[in-house]
Amino acid sequence: NIGGKTLTPGLYKWTSAVTIPTDVTISGGPNDVFIFQIAGTLDMGSAVKVILAGGAQAKNIYWVVAGAVSLGTTSHFEGNILGQTGINLKTGASINGRMLAQTAVTLQMSTVTRP
């Protein structure tokens, strides 16, 4: 559970699923790189936001996920998702980044903005 945390530049590794039930902040400079390696699934709650601070840019954030990715309704996500399985954006979800999956990317009335 990374909800409510502020994450600084670097490499993060989890050997299990990651949940984001509340807003999370990614803080760093405009050239800082963030890599999040997740061995399980990534689940983001409804109306939850990934917030950028300190000049951090979505184009420098990489979420590498072995399991399924699910972004809840009206949630907002920042960064590039590299998914081994499916990526699902539920109704009204938005992302500032890219989504690449080996199986499928599903959008339900969602917004994708290229960083």
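Up top is the structure these notes are about.
Since the structure is predicted, the reported quantities are computational estimates derived from the model, not experimental observations. (Residues numbered from 1 in each chain as written. Predicted model: local features only at pLDDT ≥ 70, side-chain atom pairs only at ≥ 80, totals over all residues. Heavy atoms only, no water.)

Caption draft 1: Structural view of unusual backbone geometry. Positive phi values are uncommon outside glycine, yet Ala47 reaches one of about 60°. With respect to the helices and strands, Ala47 occurs in the loop between strand 6 (42-44) and strand 7 (50-53). Look at Ala47 and you get partly exposed, because its relative accessible area is 48%. Notably, Thr74 is not glycine yet its phi reads approximately 55°, a positive angle. (Helix = DSSP H or I, 4+ residues; strand = E, 2+ residues; numbered from the N terminus. Buried < 20%, exposed > 50% of the residue type's maximum accessible area, 1.4 Å probe, protein only.)

Caption draft 2: Fine view of a nonpolar patch on the surface. A cluster of nonpolar side chains, namely Leu11, Val33, Ile35, Tyr62, Val64, Leu82 and Leu100, defines an oily patch on the protein surface of about 540 Å² accessible area. Relative to the elements of secondary structure, Ile35 occurs in strand 5 (residues 34-38). (Patch = residues over 30% accessible without salt bridge, like charges linked within 9 Å, V, L, I, M, F, W, Y side chains within 5 Å. Areas by Shrake-Rupley, 256 points an atom, 1.4 Å probe, with all protein chains shown as cover. Salt bridge = Lys/Arg side-chain N within 4 Å of Asp/Glu carboxyl O.)

Caption draft 3: Fine view of the nonpolar core. One finds Ile20, Phe36, Leu42, Trp63, Leu71, Phe77 and Ile81 to be the most contacted residues of the largest nonpolar core, which totals 27 residues. Of all elements in the fold, only strand 3 (18-20), strand 4 (24-27), strand 5, strand 6, strand 8 (61-65), strand 9 (69-71) and strand 12 (87-89) reach the threshold of two or more residues within this core. Here Ile20 is in contact with Ile2, Leu42, Asp43, Met44, Gly45, Val48, Trp63 and Phe77, once residues within four sequence places are set aside. (Core = buried A, V, L, I, M, F, W, Y, C linked by side-chain atoms within 4.5 Å. Contact = heavy atoms within 4.5 Å.)

Caption draft 4: Just the packing of aromatic side chains, in detail. Under the definition given, this model contains 6 aromatic pairs. With a centroid separation of 6.0 Å and 10° between ring planes, the pair formed by Tyr12 and Trp14 is classed as stacked. Ring centres of Phe34 and Phe36 lie 6.5 Å apart, and the angle between their planes is 20°; on these two criteria the pair is classed as stacked. You'll find Phe34 and Phe36 in the same group, each marked buried. Members of the aromatic cluster, each reached through a chain of ring pairs, are Tyr12, Trp14, Phe34, Phe36, Trp63 and Phe77. (Phe/Tyr/Trp six-rings, centres within 6.5 Å; stacked < 30°, edge-to-face > 60°.)

Caption draft 5: Representation of the sheet that holds strand 1 (residues 6-7). Reading across from one edge, 1-4-7 is the order of the 3 strands in this open sheet, with parallel pairing throughout. Taken across any chain shown, the strands that pair with only one partner, and hence form the sheet edges, are strand 1 and strand 7. When strand 4 meets strand 7, the two strands line up parallel, connected through 4 bridges. Looking at strand 7, one finds that Ser27 is bridged to Ala53. (Pairing = 2+ DSSP bridges.)

Caption draft 6: Focus on the sheet that holds strand 10 (residues 76-78). Read across the open sheet, the 3 strands follow the order 10-13-16; overall the sheet is parallel. Every other strand in the sheet has two partners, leaving strand 10 and strand 16 (111-113) as the edge strands with one partner each. Across the sheet, the axes of successive neighbouring strands diverge by a mean angle of 10°, strand direction being ignored. With 3 bridges connecting them, strand 13 (residues 94-96) and strand 16 associate as parallel partners. Looking across to strand 16, one finds that Ile95 is bridged to Val112. (Axes fitted to C-alpha atoms, helices over the stretch in contact; angles between N-to-C directions.)

Caption draft 7: Expanded view of the pairing of strand 5. Burial along strand 5 is one-sided: Phe34, Phe36 and Ile38 are buried, and none of Ile35 and Gln37, which face the opposite way, are. Bridge count for strand 5 against strand 8 is 5 bridges, and the pairing is parallel. Following the sheet pairing, Phe34 is matched in strand 8 by Ile61.

Keep in mind these values describe shape, not function.
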